[in-house]
Amino acid sequence: MAIVKDNQILISTHNTQRAENNACAHAEINAIIVAGKLLADKNLTGCEIYCTCEPCIMCLSAIAYAKIEKLYFGVNLKVVSPKEKIIDISLETFLEKSPWKIKVVRNFLADECSKIYLGL
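It should be emphasised that the depicted structure is a prediction, and the values quoted were computed from it without experimental measurement.

(A) Spatial organisation of the pattern of salt bridges. Counted according to the given criterion, the structure contains one salt bridge. One salt bridge in this structure joins E92 and R106, with 2.6 Å as the shortest N-O distance. Taken together, the positions of E92 in helix α5 (residues 91–97) and R106 in the loop between β5 (103–105) and α6 (110–118) put the pair 14 residues apart, joining distant regions of the chain. The exposure class of E92 is partly exposed, given its relative accessible area of 46%.

(B) Looking closely at the pairing of strand β1 (residues 2–5). Sheet topology places β1 next to strand β2 (residues 8–12); four bridges connect them, and they run antiparallel. The residue bridging I3 from the neighbouring strand is I11, located in β2. Connecting β1 to the antiparallel partner β2 that follows it, the hairpin turn spans two residues, and D6 within it adopts a positive phi of roughly 50°. One ladder, built from four bridges, connects β1 with strand β3 (residues 47–53); its direction is antiparallel. Directly across from I3, in β3, lies its bridge partner I49.

(C) How the structure looks around the sheet that holds strand β4 (residues 70–75). Pairing is mixed in the open sheet, where five strands are placed in the order β2-β1-β3-β4-β5. Single-partner strands in this sheet number two, and they are β2 and β5. Neighbouring strand axes in the sheet, compared pairwise and without regard to direction, differ in orientation by 20° on average. Pairing between β3 and β4: five bridges, direction parallel. Each residue of the ladder has a partner; that of C53, found in β4, is V75. Contacts from helix α2 (residues 27–39) reach β1, β2 and β3 within the one sheet, and its direction differs from that of β2 by about 125°.

About the thresholds
- Residues numbered from 1 in each chain as written.
- Predicted model: local features only at pLDDT ≥ 70, side-chain atom pairs only at ≥ 80, totals over all residues.
- Heavy atoms only, no water.
- Salt bridge = Lys/Arg side-chain N within 4 Å of Asp/Glu carboxyl O.
- Helix = DSSP H or I, 4+ residues; strand = E, 2+ residues; numbered from the N terminus.
- Buried < 20%, exposed > 50% of the residue type's maximum accessible area, 1.4 Å probe, protein only.
- Pairing = 2+ DSSP bridges.
- Axes fitted to C-alpha atoms, helices over the stretch in contact; angles between N-to-C directions.
- Contact = heavy atoms within 4.5 Å.

In short, geometric facts, not functional conclusions.
And the structure:
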């Protein structure tokens, strides 16, 4: 996944939960931390985030609080995560209640993203 500003990739990261023994080390969180340091600002206004999978509720919250303006994702979270491992709050409900309005592009490069999760 990557965070982009002004058509330039600021950071490209991946999930490091297991390597760091850190349940919060999702790719989106890792990228937001680094992008904030690079821009010397906690607000990532003007940035876009590209994810292979729909972000979980924790990552959606971080995206909103970082004030990222646009989210692109390829695969729906419910398709790739076991039901018992996700907090089932719909993206629509989250966006409705979020103080920061995020534009969302679903199914972005969906075929390519699906191949990553299906191991094809």
